[in-house]
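# Chain and residue survey
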Amino acid sequence: RAMSRDDHRWQSKRPESSLEKSHESLAHFANTAMKPVLAEILTLAGVAIRNVVCRWKYHLNQYRLQGHEPHMPAHFADVPRHLDHSLLHALNNEAQTLGLSKIFNFVTPIQPDNGEEFLATYYLSQEVRNKNGSIDKKTKLCRCDDCRPFVPFLVEGEENAKRTQAIQ
């Protein structure tokens, strides 16, 4: 039977967040039979492309909010003009070294590596942290020297515990 508008039995009582929704697409970039390196490359490339598409849609929405209409067919509005912004950034730099103005206006180049680990690399380092015992069993937070400054209540809790032990 057709569902009426007032029938709310099938509506989710806990709608998923945008972050959870983005994880759905991650499942389609790599599969379990691949080597970890290839799976990481495909997954990170897929996430990067998804981010470019999201930034493009945001850019177009901002352009429309300013009262402009994009000069393109409507069916191409959600498709970014370019996926490789590193190449666009390199071409802009090359044009500027030749004394020309920038060729591409909407470019978001890759930021320098900040050392953050992803996917299999993160998983393997997390396994090492778990074996070292640096993960607090109660809070599931890392207590290593690198993470300790970012978790102030852990430091305060340990200091209180030391004070309590010293008094006893």
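Residues numbered from 1 in each chain as written. Predicted model: local features only at pLDDT ≥ 70, side-chain atom pairs only at ≥ 80, totals over all residues. Heavy atoms only, no water.

## Considering the overall build of the chain
Helix and strand counts for the chain come out as five helices and zero strands. Helices and strands appear in the chain in the N-to-C order α-α-α-α-α. Within the chain, the fraction of its 168 residues that count as buried is 16%. Total accessible area on the chain stands at roughly 14300 Å², and carbon and sulfur atoms take up 58% of it. (Helix = DSSP H or I, 4+ residues; strand = E, 2+ residues; numbered from the N terminus. Buried < 20%, exposed > 50% of the residue type's maximum accessible area, 1.4 Å probe, protein only. Areas by Shrake-Rupley, 256 points an atom, 1.4 Å probe, with all protein chains shown as cover.)

## Overview of the environment of Pro80
Turning to its location among the elements, Pro80 is positioned in the loop between helix H2 (36–65) and helix H3 (85–97). Residues Pro80 and Arg55, spaced 25 residues apart in sequence, show a C-alpha to C-alpha distance of 8.8 Å. Those residues in contact with Pro80 that sit more than four places away from it in its chain are Val52, Val53 and Trp56. (Contact = heavy atoms within 4.5 Å.)

## Quick notes on a nonpolar patch on the surface
Nonpolar side chains collect at one region of the surface, where Leu44, Phe118 and Leu119 lie side by side and expose about 260 Å² of accessible area between them. One can find Leu119 in helix H4 (residues 119–132). A residue is classified by how much of its surface remains accessible, and Leu119, at 39% relative accessible area, is partly exposed. (Patch = residues over 30% accessible without salt bridge, like charges linked within 9 Å, V, L, I, M, F, W, Y side chains within 5 Å. Salt bridge = Lys/Arg side-chain N within 4 Å of Asp/Glu carboxyl O.)

## Considerations on the layout of surface pockets
If you add up the space inside the largest pocket, you get close to 640 Å³. Ala48, Asn51, Ile110, Gln111 and Phe118 are, among the 20 residues lining the largest pocket, the residues nearest its centre. Within the residue set of the lining of the largest pocket, elements represented by two or more residues are H2 and H3. Counted by class, the lining of the largest pocket contains ten nonpolar, six polar and four charged residues. There is about 330 Å³ of room inside the second largest pocket. In this structure, the second largest pocket is lined by 17 residues; those nearest its centre are Trp56, His59, Arg81, Asn105 and Phe106. Of all the secondary structure elements, the ones that give two or more residues to the lining of the second largest pocket are H2 and H3. In terms of residues, the lining of the second largest pocket owes the most to one element, H2, which gives five residues. (1 Å grid on protein atoms, 1.4 Å probe; cavity = no way out; pocket = protein on both sides within 12 Å on 5 of 7 lines; lining within 4 Å. Points joined across faces, edges and corners; volume = space filled by probe spheres on them. Nonpolar A, V, L, I, M, F, W, Y, C, P; charged D, E, K, R; others polar.)

## Points about the packing of aromatic side chains
Inspection of the entire model under this criterion finds one aromatic pair. Where Trp56 meets Phe106, the ring centres are 6.1 Å apart and the plane angle is 55°; that geometry is what we call tilted. Of this pair, Trp56 sits in helix H2 while Phe106 sits in the loop between H3 and H4, and the two are 50 residues apart along the sequence. For Trp56, a relative accessible area of 7% corresponds to the buried category. Taking the relative accessible area as the measure of exposure, Phe106 reaches 27% and is therefore partly exposed. (Phe/Tyr/Trp six-rings, centres within 6.5 Å; stacked < 30°, edge-to-face > 60°.)

## Overview of the side chain of His85
Looking at the element boundaries, His85 is found in helix H3. In this structure the side chain of His85 is engaged in a polar contact, spanning 3.5 Å, whose partner is the backbone oxygen of His82. In contact with His85, not counting residues within four places along its chain, are Val52, Phe106, Val107 and Thr108. (Polar contact = N/O pair within 3.5 Å; in protein donor to acceptor, adjacent residues only side chain to side chain.)

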